Amino acid sequence: MYDSITISAQLLALADRLGFGKICNEENADKRYRHFTARTQLYAMMIAQLTEQKGLRTIEETIASDNDLYHAGVSSHITRTNLAHANEKRPCGIFQKFYFHLIEHYKFLCGRGSRKEMKNLKLIDATTISLNMNDFSWAKFRKTKGGIKINTRFDYDLDCADYLFITNANKHENSTLGQMRLTENDIAVFDRGYFNKRQFLELTESSISFVTRNKSNIEYEVISSDKKEKSDDSFTIRRDEIIRMKIGNSKKNPTYVTLRQVVSRDNETGKEIALLTNMFDTASLEIAAIYKKRWEVELYFKKIKQNLRVKRFYGQSENAVKTQIWIALIVHLLFLILKAETRQNNRTFSSFCSEISVVLFKHRNLEKWFARDYEKSPPKHLPDKNSLWLFDDLAG
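Residues numbered from 1 in each chain as written. Predicted model: local features only at pLDDT ≥ 70, side-chain atom pairs only at ≥ 80, totals over all residues. Heavy atoms only, no water.

Novice: Honestly, the overall build of the chain in this entry has me stumped. Any pointers?
Specialist: Counting its regular elements, the chain contains 12 helices and 10 strands. Burial analysis of the chain (396 residues in total) assigns 49% to the buried set. The contacts of the chain with a sequence gap of at least 6 include a subset with a gap of at least 24, amounting to 63%. Accessible surface, the chain: about 21100 Å² in total, of which carbon and sulfur atoms supply 46%. (Helix = DSSP H or I, 4+ residues; strand = E, 2+ residues; numbered from the N terminus. Buried < 20%, exposed > 50% of the residue type's maximum accessible area, 1.4 Å probe, protein only. Contact = heavy atoms within 4.5 Å. Areas by Shrake-Rupley, 256 points an atom, 1.4 Å probe, with all protein chains shown as cover.)

Novice: Just checking my understanding: could you explain the nonpolar core for this structure?
Specialist: Within soluble globular proteins, side chains that are nonpolar tend to cluster in buried spots. Formed by 95 residues in total, the largest nonpolar core has its most connected members in Phe20, Tyr99, Ile325, Phe352 and Ile356. The element best represented in this core is helix H10 (residues 318-342), accounting for 14 residues. The residues contacting Tyr99, other than those within four sequence positions of it, are Ala161, Leu164, Tyr300, Trp326, Leu329, Ile330 and Leu333. (Core = buried A, V, L, I, M, F, W, Y, C linked by side-chain atoms within 4.5 Å.)

Novice: Please clarify how helix H9 (residues 295-307) should be interpreted in this entry.
Specialist: Because an α-helix packs 3.6 residues into every turn, residues spaced three or four apart end up facing the same way. For H9, with 13 residues, the first-to-last C-alpha span of 19 Å sits near the 18 Å given by 1.5 Å per residue. Of all the residues in H9, the buried ones are Val297, Tyr300, Phe301, Lys303, Ile304 and Asn307. All buried residues of H9 fall inside an arc of 160° around its axis, so they share one side. Facing away from the buried side of H9 by more than 90 degrees, the exposed set consists of Trp295 and Gln306. (Expected span 1.5 Å × (residues − 1). Arc of directions from axis to C-beta.)

Novice: Explain the pattern of salt bridges to me, please; I cannot follow it from the model alone.
Specialist: Think of it this way: side chains of opposite charge can pair up when their charged atoms draw near. Under the criterion given, the structure shown has 25 salt bridges. Note that Arg39 is salt-bridged to Asp16, the shortest N-O span being 2.7 Å. Remark: Asp16 occurs in helix H1 (residues 7-17) and Arg39 occurs in helix H3 (residues 38-51); sequence separation between them is 23 residues. A relative accessible area of 30% places Asp16 in the partly exposed class. Between Glu26 and Lys97 there is a salt bridge, with its nearest N and O atoms 3.0 Å apart. In this pair, Glu26 is assigned in helix H2 (residues 20-26) and Lys97 in helix H6 (residues 93-109), connecting sequence segments 71 residues apart. For Lys97, a relative accessible area of 32% puts it in the partly exposed group. It is possible to trace a salt-bridge network through shared partners that takes in Lys122, Arg153, Asp155 and Asp162. (Salt bridge = Lys/Arg side-chain N within 4 Å of Asp/Glu carboxyl O.)

Novice: What am I meant to see in the side chain of Asn365 here?
Specialist: Within the secondary structure, Asn365 is located in the loop between helix H11 (349-359) and helix H12 (366-370). From its side chain, Asn365 meets the backbone nitrogen of Lys368 in a polar contact 3.0 Å long. (Polar contact = N/O pair within 3.5 Å; in protein donor to acceptor, adjacent residues only side chain to side chain.)

Novice: What is the right way to read the packing of aromatic side chains from this model?
Specialist: Each aromatic ring pair is described using two quantities: the centre-to-centre distance and the angle formed by the ring planes. For the structure shown, the criterion picks out 22 aromatic pairs. Ring centres of Phe20 and Phe98 lie 5.0 Å apart, and the angle between their planes is 65°; on these two criteria the pair is classed as edge-to-face. Here Phe98 lies in helix H6 and Phe20 lies in helix H2, a separation of 78 residues in the sequence. Since its relative accessible area comes to 1%, Phe20 is described here as buried. With a centroid separation of 5.7 Å and 65° between ring planes, the pair formed by Phe100 and Trp326 is classed as edge-to-face. Placement of the pair is Phe100 in helix H6 and Trp326 in helix H10, with a sequence separation of 226 residues. Put simply, the rings of Tyr99, Phe100, Tyr163, Phe165 and Trp326 pair up and form one aromatic cluster. Over the aromatic face of Trp369 sits the side chain of Arg347, whose NZ or CZ is 4.8 Å from the ring centroid. Above the plane of the ring of Phe370 lies Arg347, whose end atom (NZ or CZ) is 5.2 Å from the centre. (Phe/Tyr/Trp six-rings, centres within 6.5 Å; stacked < 30°, edge-to-face > 60°. Lys NZ or Arg CZ within 6 Å of the ring centre and 35° of its normal.)

Novice: Help me understand the pairing of strand S2 (residues 146-155), please; the structure alone is not making it clear to me.
Specialist: When a strand is regular, its side chains alternate between the sheet's two faces. Counted residue by residue, S2 has 10 buried out of 10 residues, so it is predominantly covered. Along S2, one buried face is formed by Gly146, Ile148, Ile150, Thr152 and Phe154 and the opposite face, lined by Gly147, Lys149, Asn151, Arg153 and Asp155, is buried too. Summarising the sheet, strand S1 (residues 120-131) and S2 pair through 10 bridges and their orientation is antiparallel. If you follow Thr128 over to S2, its bridge partner there is Lys149. Bridge count for S2 against strand S3 (residues 160-168) is 8 bridges, and the pairing is antiparallel. When the sheet's bridge partners are listed, Ile150 is paired in S3 with Ile166. (Pairing = 2+ DSSP bridges.)

Have a look at this one:
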């Protein structure tokens, strides 16, 4: 079957196989659309992402150049008008629900379907996308600046965001930690933007482990201290302390949270940082190594922003912006699923995005192409060995 349809059609077929149609039926996604279905919208926006189209007109013209839409199951004509209307009006929650559905499938592929006792490393962070206030008045951030924030829970083992939500950029990170759906099987790692002593107490009382950085201006009482240095190839531990912090300003009934502070120096850079954690039984060097892994979520944001269109948008409404972001994240997740199914661990997302744009409308087997098995059929007509000119009458 795959030999007869294009790479782009096979990507859409992959979404079908993974349950997009079922979700559309559950959400009644096509109730007010006779022809331009959610499936067609997903197809058009995935093409736009993978070919880095600049606007709705170029999306329309690019897809019109594909004469094999029938075999992709796309019967309606894709125009900039109906695509713009669908992005604005069809609820983005349909694509959000599909993303989380794909996450569950990807966990199953990675053997994470039944892990109950193992700790999961969750990297918590947010990235801000700036928007022009004149075009996106709903995304007010400052007086002359707009923006949205993608609040992310990144699973270190899965190498992707297994939970996220989008807010206006004016919402501070330290008020979103409680919305990250952390469980007692998680180790949450986050930076100083999430510093909130009351939330530290709530995490500790809920048996949720965390590692973060302390602030230099925070007052605390040292209960015990181990100043004996420990080191390995990466870190040197300068101090390992048990400290107590006061929560709030109440003098009659003060509330305290007891934490562990590990002062670590990076042997490569010489930089020294103070880490806070409620993991009292974990080796101090391991605490330092855990926090350093937080850098992976920064690389994730960089990868998404560099390879997908999530900084410039095809519509100005809140729903259109969120729809475009969710479909961009779906594209990344489809890549990870292909990578897991074909066991091509050396495939990078950057190479995938740069290469697939060339073959989207070619008749190749998607899985073979992904595995770099570039099957090439011989040309139908071989030129005469004695004639190397395209136009013989011009040779002379």
